[in-house]
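Geometric and topological summary
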Amino acid sequence: MNQKPKVIVSAPVPPDLREQLAERCEIVEVPTGQNPAEVLGADARATIEGMVCTVRTKVDQALLDALPALKVSSNFAVGFDNVDLAAATQRKVLICNTPGVLDGAVADVTIGLMLCLSRNLVAGDAFVRSGAWTKGAFPLTRDIRGKTLGLLGMGRIGRVVARAAQAFDMKVIYHNRREDPQAEGLATYVERDELFKSSDVLSMHIPLSAETRHSIGKRELSLMKPTAYLINTARGPVIDEAALIDALRAGTIAGAGLDVMEQEPLPADSPLCALPNVVLQAHVGSATHETRRAMIDLAVANLMDALSGKTPQAMVNPEVWQARA
Ligand code: DGY
């Protein structure tokens, strides 16, 4: 009889890691992003104990109902806004994620977007390619040196961004639910409105939750300087995108660098794609070979640990684990 626990793999697990997983678990494949409740029949679902998935899998009440034996769902992401955490916790399903291993990669894209916006690098590339340079010089851009970088959210990623900004001689301010002792020497705490008013570049580093959804709207955007840039590498819906598009069109802020949007993948007919003062990326903050490997290693380790009784490295609802112990 096969004693191995059955696990859904709905994430890009590389072959060598898949082999390790297969030694300890029976793997049930679900294509990434597809709903296991639709892909698998009731019999196959009934005995699933674990799952590793991307943020494209909605771990909601309906999926939890469809997977009655589920003990752990391991997100191949640090964000877990795809999970109904209250429902999972109530059903004693442990949720794991991948914090720590992607901080540098996401911070790099944040800094990259800041430089693209301030120095107009994307337009500069098109200017040269089109031959426009032969007819005149590229318009002047703006320094970031000596400017103020505001961070909304000062967690692991925010701190790496703050450290990187020091290399650009930027003054860094932040707002968080509470002052962060680890930010001491890196960034100065300010009230929320002050952050919007004083930042030359304002970068989002908050998770998406019911409280943060659309928490940056018309009012917050109207506090910003007309020369300021907004950067979002966190989650699209933390910003009211319609209000942002209005502000960008009206020029009440200078530009935006967005790695995340309300709708992903972003359709080409989105108004964002038509705005010249926006730089867009395809939710690639953590999308490097090295970082994604570290993330999937951690996600699979979390899954295997949880199923073998070892405390996983990264748990979103550790109270579930503690209750089991
Ligand atoms: C994360 O890890 O949350 C990244 O944004 C990928 O979704």
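Everything quoted here is computed from the prediction, not taken from an experiment. (Residues numbered from 1 in each chain as written. Predicted model: local features only at pLDDT ≥ 70, side-chain atom pairs only at ≥ 80, totals over all residues. Heavy atoms only, no water.)

1. Let's talk about the packing of aromatic side chains
Tallying each qualifying case throughout the model produces 2 aromatic pairs. Ring centres of Phe 127 and Phe 138 lie 5.0 Å apart, and the angle between their planes is 65°; on these two criteria the pair is classed as edge-to-face. On the criterion of sequence distance, the pair formed by Phe 127 in helix H7 (residues 121-129) and Phe 138 in the loop between H7 and strand S6 (148-152) is long-range, its members being 11 residues apart. Classification of Phe 127 by relative accessible area gives buried; the value is 17%. Plain terms: the ring middles of Tyr 174 and Tyr 189 are 5.5 Å apart, the flat faces sit at 80° to each other, and that makes the pair edge-to-face. Taken together, the positions of Tyr 174 in strand S7 (residues 171-175) and Tyr 189 in strand S8 (residues 188-189) put the pair 15 residues apart, joining distant regions of the chain. According to the relative accessible area criterion, Tyr 189 is partly exposed, its value standing at 22%. (Phe/Tyr/Trp six-rings, centres within 6.5 Å; stacked < 30°, edge-to-face > 60°. Helix = DSSP H or I, 4+ residues; strand = E, 2+ residues; numbered from the N terminus. Buried < 20%, exposed > 50% of the residue type's maximum accessible area, 1.4 Å probe, protein only.)

2. Topic: the environment of Arg 293
Its place among the elements puts Arg 293 in helix H12 (residues 289-308). In the structure, Arg 293 is positioned 26 residues away from Pro 267 in sequence and 28 Å away in space, judged by C-alpha atoms. Apart from residues no more than four positions distant in its own chain, Arg 293 is found in contact with Pro 14, Asp 16 and Leu 17. (Contact = heavy atoms within 4.5 Å.)

3. Describing the UniProt feature "domain: D-isomer specific 2-hydroxyacid dehydrogenase NAD-binding" (unreviewed entry) in the chain
Using the residue numbers shown here, the UniProt feature "domain: D-isomer specific 2-hydroxyacid dehydrogenase NAD-binding" (unreviewed entry) corresponds to residues 111-285. In this annotation, residues 111-285 is assigned 30% helix and 15% strand; the end-to-end C-alpha distance for the span is 11 Å. (UniProt positions renumbered as here; feature names shortened; annotations may be inferred.)

4. Some words on the UniProt feature "domain: D-isomer specific 2-hydroxyacid dehydrogenase catalytic" (unreviewed entry) in the chain
If you check UniProt for "domain: D-isomer specific 2-hydroxyacid dehydrogenase catalytic" (unreviewed entry), the listed places come out as residues 7-317 in our numbering. Within the segment residues 7-317, helix and strand shares are 36% and 15% respectively, and the terminal C-alpha atoms sit 20 Å apart.

5. A word on the packing of helix H1 (residues 15-24) against H12
At a minimum axis distance of 11 Å, the contact between H1 and H12 shows a crossing angle of 5°. Regarding the angle of H1 to H12, the classification is roughly parallel. Contact residues: Asp 16, Leu 17, Gln 20, Leu 21 and Arg 24 in H1; Arg 293, Ile 296, Asp 297, Val 300, Leu 303, Met 304 and Ser 308 in H12. Class assignment of the residues belonging to the contact of H1 with H12 gives a composition of 6 nonpolar, 2 polar and 4 charged. (Axes fitted to C-alpha atoms, helices over the stretch in contact; angles between N-to-C directions. Parallel < 35°, antiparallel > 145°, perpendicular 65-115°, else oblique. Nonpolar A, V, L, I, M, F, W, Y, C, P; charged D, E, K, R; others polar.)

6. Digging into the pairing of strand S1 (residues 6-10)
The buried count for S1 comes to 5 of 5 residues, which makes it a mostly enclosed element. Alternating residues of S1 divide into Lys 6, Ile 8 and Ser 10 and Val 7 and Val 9, and every residue in both groups is buried. Direction of pairing for S1 relative to strand S2 (residues 26-29): parallel, over a ladder of 4 bridges. Within S2, the position partnered with Val 9 by the bridge is Glu 29. Note on the crossover from S1 through H1 to S2: the handedness is right-handed. Relative to strand S3 (residues 48-53), S1 is paired through 5 bridges, and the arrangement is parallel. Directly across from Val 9, in S3, lies its bridge partner Val 52. (Pairing = 2+ DSSP bridges. Right-handed = clockwise from strand over helix to strand, strands pointing away.)

7. Notes on the nonpolar core
Side chains of a nonpolar character, in soluble globular proteins, are inclined to be buried together. Among the nonpolar cores identified, the biggest contains 50 residues, and Leu 21, Met 114, Leu 149, Leu 151 and Met 170 are the most heavily contacted of them. What Leu 149 contacts, discounting residues up to four positions off in sequence, is Met 114, Val 161, Ala 165, Met 170, Lys 171, Val 172, Ile 173, Ser 199, Val 201 and Ser 203. Membership of the second largest hydrophobic core comes to 29 residues, among which are Met 204, Leu 230, Ala 243 and Leu 248. (Core = buried A, V, L, I, M, F, W, Y, C linked by side-chain atoms within 4.5 Å.)

8. Things to note about the sheet that holds S2
Taken together, 5 strands build an open sheet; the order of strands is S2-S1-S3-S4-S5 and the sheet is parallel. A strand with exactly one partner marks an edge of an open sheet, and here the two such strands are S2 and strand S5 (94-96). Neighbour-to-neighbour, the strand axes of this sheet turn through a mean angle of 20°, independent of strand direction. Strand contacts of H1: S1 and S2, with the helix running at about 125° to S2, the strand carrying the most contacts. In the packing of H12 onto the sheet, the strands contacted are S1, S3, strand S4 (72-75) and S5, and the crossing angle to S4 comes to about 165°.

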